[in-house]
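Remarks on the overall topology
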Amino acid sequence: MNEKVTIFDTTLRDGEQVPGCQLNTIEKIEVAEALENLGVDVIEAGFPISSPGDFNSVVEISKVISNPVICALTRAVKKDIEVAAEALQYAKKKRIHTGIGTSPYHIKYKIKTTPEEIINRAVDAVKYARKFVDDVEFYAEDAGRSENEYLAKVIEAVIKAGATVINIPDTTGYCLPEEYGAKIRYLKENVPNIDKAIISTHCHNDLGMATANTMMGIINGARQVEVTMNGLGERAGNTSLEEIAMIIKSHHSLNLSTNINSKLIYTTSRLVSTLMSMPVQPNKAIVGRNAFAHSSGIHQDGVLKNRENYEIIDPKEVGIKESAIILTARSGRAALNHRLQLLGFNLDKEELDEIYHRFLILADKKKEVNDEDIRILTGEVFQGEKSLKLELLQVTCGKSTIPVATVGLKINGEVHTSTASGNGPIDAAFTAVKQLISKTIHLEEFLVQAITKGSNDFGKVHIQVEHEQKTYYGFGTNTDIVTASVEAFIDAISKIQ
Ligand code: KIV
Ligand code: ZN
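Remember, predicted model here, so these are calculated numbers, not experimental data.

1. Brief notes about the site of ligand 1
Taken together, R13, D14, H97, Y139, E141, N167, P169, T171, H202 and H204 form the complete shell of residues around ligand 1. Between ligand 1 and D14 there is a distance of 3.1 Å, counted from an oxygen atom to a side-chain nitrogen or oxygen. One of the side-chain N or O atoms of H204 is found 3.0 Å from an oxygen atom in ligand 1. For ligand 1, the accessible surface in isolation is 260 Å², of which the surrounding protein chains cover 93%. Within the residue set of the shell around ligand 1, elements represented by two or more residues are α1 (11–15), β6 (136–141) and β7 (165–170). Classifying every residue of the shell around ligand 1 by side-chain character gives two nonpolar, five polar and three charged.

Written out as structure tokens, the structure is:
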């Protein structure tokens with residue numbers, strides 16, 4: 001039977017402290033509802049004494065959330081605890097989270113007191129909080145740098161005073177995973193009444209070890225983890241919820257479980273990112289844009305043969321539709337063919353070779369080849385040999401220069417060249433083309449579009465020309481907009497018989 005790990009989400013408290021991430025009450029309610037749907041067990045909704053806005057958010061979240069415990073943060077100060085209790089009045093399940101610094105730094109330089117006085121204040125705060133609620137969590141701030149023997153004394157005293165959950169924060173993100181795990185084990189083994197409380201981890205990511213430290217905490221006996229969505233939080237952030245949830249889900253040998261509905265991870269991550277204006281880094285584990293994207297030919301081939309060759313999590317498990325095969329210059333035929341098939345093209349080997357050849361030329365010019373590009377490449381290959389084909393295009397243009405274009409046009413197999421000037425490089429090139437085909441052509445419409453965003457993308461040109469009172473349409477695409485225009489012009493002319 002798997003043991004349950006309680007997920008305590010502090011996105012709305014430690015996460016929301018990040019400059020630029022502040023939310024209004026309505027947004028906080030939206031996040032809280034998403035967290036409830038996701039399956040978190042405890043929502044730390046705010047620090048009510050810190051501002052009227054935070055107080056109000058805790059009140060409103062308490063009214064709408066049913067399942068998770070609503071938790072409010074306080075210092076070990078009576079007034080904080082009273083205000084937190086008032087903010088929690090509508091919560092169906094409520095918890096006060098109170099605490100004080102226990103490291104030599106905090107005792108000496110921040111609180112400027114003695115270790116004994118810290119224990120007295122901690123005990124008083126817990127006892128006072130218990131007057132308002134049955135569920136009181138105590139945090140020993142900077143526990144990561146607190147001396148284990150002293151920490152054990154503090155914890156024993158606060159459990160005796162009524163604390164139900166003991167939070168051991170690595171506030172500065174300094175601990176090594178081994179060290180943090182050993183701290184939790186030490187408390188498990190040396191606090192006589194530890195079985196009366198649940199040990200909680202609360203790790204910060206200053207040295208990139210928050211997830212590792214949290215896992216070591218769990219392995220050594222912690223059964224609650226304090227986490228945030230996308231790892232948001234002070235400085236380098238907190239342990240990210242999605243990483244812990246998916247580690248526990250993927251490693252069956254841990255015999256642990258959480259209540260998280262992993263299929264809602266991705267949408268919750270995006271909601272938090274959007275509301276908090278905090279983009280998720282592309283290579284972020286589980287929820288980053290590239291977390292399930294493969295771009296090297298070897299990996300793409302491997303994933304297409306069997307997803308598990310290069311993926312330890314099925315993207316559907318976290319709510320992502322499918323792995324992405326990114327088509328770049330490093331992609332192989334297998335990846336291109338896979339995408340062609342998804343787009344409805346079933347090609348024989350020769351056709352695939354031809355498209356792959358064109359694909360590589362394009363991929364060298366563009367960072368990523370998208371579906372629209374592929375449709376265009378396919379269209380070009382299937383169009384076959386044309387009676388008019390642009391072989392050469394050279395333009396001179398710029399400020400204080402007369403635009404001049406030289407065009408080499410293959411007409412029925414033979415290349416002819418012509419040079420002309422114009423009011424711009426496209427006009428000059430069109431004139432040169434007209435000289436070569438000796439037909440009266442009027443340009444009626446000319447439309448340039450970027451197919452997708454980005455400076456290295458394909459430009460698409462639609463052209464409408466008139467010849468002897470009939471209209472002809474042409475289409476051209478190229479990463480070079482002048483070339484795309486001339487190709488569109490030639491395409492229209494080639495339809496004149
Ligand atoms: O990092 C920390 O120590 C905290 C406490 C207030 C729990 O956020
Ligand atoms: Zn914190």
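2. Some details on the sheet that holds β7
Pairing is parallel in the closed barrel, where eight strands are placed in the order β2-β3-β4-β5-β6-β7-β8-β9. Sheet twist, expressed as the average angle between the axes of neighbouring strands with direction ignored, equals 25°. Contacting β6 and β7, helix α7 (residues 148–160) runs over the sheet at an angle of about 150° to β7.

3. Some thoughts on a positive patch on the surface
Positive charge collects at one region of the surface, where K78, K127, K131 and K160 lie side by side. Mapped onto the secondary structure, K131 falls in helix α6 (residues 115–132).

4. Description of the domain arrangement of the protein chain
It is common to give the size of an interface as the accessible area lost on bringing the parts into contact. Taken as a whole, the protein chain is organised into domain 1 (3–275), domain 2 (293–377) and domain 3 (388–494). One C-alpha centre belongs to domain 2, the other to domain 3; they are set 32 Å apart.

5. With respect to the sheet that holds strand β14 (residues 404–411)
Spatially, β13-β14-β15 is the arrangement adopted by the three strands of the open sheet, whose pairing is antiparallel. Two strands close off the open sheet at either side, each with one partner strand: β13 (388–396) and β15 (414–421). Direction aside, the axes of adjacent strands within the sheet are offset by 15° on average. Sheet topology places β14 next to β15; eight bridges connect them, and they run antiparallel. In the strand pairing of β15, V407 is matched with S418. Of the strands in this sheet, β13 and β14 are in contact with helix α17 (residues 481–494), which crosses β13 at around 145°.

6. Digging into a nonpolar patch on the surface
A contiguous nonpolar surface patch, about 300 Å² in accessible area, is contributed by L443, F446, V448 and I481. The biggest single contributor to the nonpolar patch is strand β16 (residues 442–450), with three residues. With respect to the helices, strands and loops of the structure, F446 is situated in strand β16. Classification of F446 as partly exposed rests on a relative accessible area of 34%.

Cut-offs applied
- Residues numbered from 1 in each chain as written.
- Chains lettered and ligands numbered in written order.
- Predicted model: local features only at pLDDT ≥ 70, side-chain atom pairs only at ≥ 80, totals over all residues.
- Heavy atoms only, no water.
- Near = heavy atom within 4 Å.
- Polar contact = N/O pair within 3.5 Å; in protein donor to acceptor, adjacent residues only side chain to side chain.
- Areas by Shrake-Rupley, 256 points an atom, 1.4 Å probe, with all protein chains shown as cover.
- Helix = DSSP H or I, 4+ residues; strand = E, 2+ residues; numbered from the N terminus.
- Nonpolar A, V, L, I, M, F, W, Y, C, P; charged D, E, K, R; others polar.
- Pairing = 2+ DSSP bridges.
- Axes fitted to C-alpha atoms, helices over the stretch in contact; angles between N-to-C directions.
- Contact = heavy atoms within 4.5 Å.
- Patch = residues over 30% accessible without salt bridge, like charges linked within 9 Å, V, L, I, M, F, W, Y side chains within 5 Å.
- Salt bridge = Lys/Arg side-chain N within 4 Å of Asp/Glu carboxyl O.
- Lys, Arg positive; Asp, Glu negative; His and termini not counted.
- Charge placed at Lys NZ, Arg CZ, Asp CG, Glu CD.
- Domains from an automatic or database assignment.
- Buried < 20%, exposed > 50% of the residue type's maximum accessible area, 1.4 Å probe, protein only.

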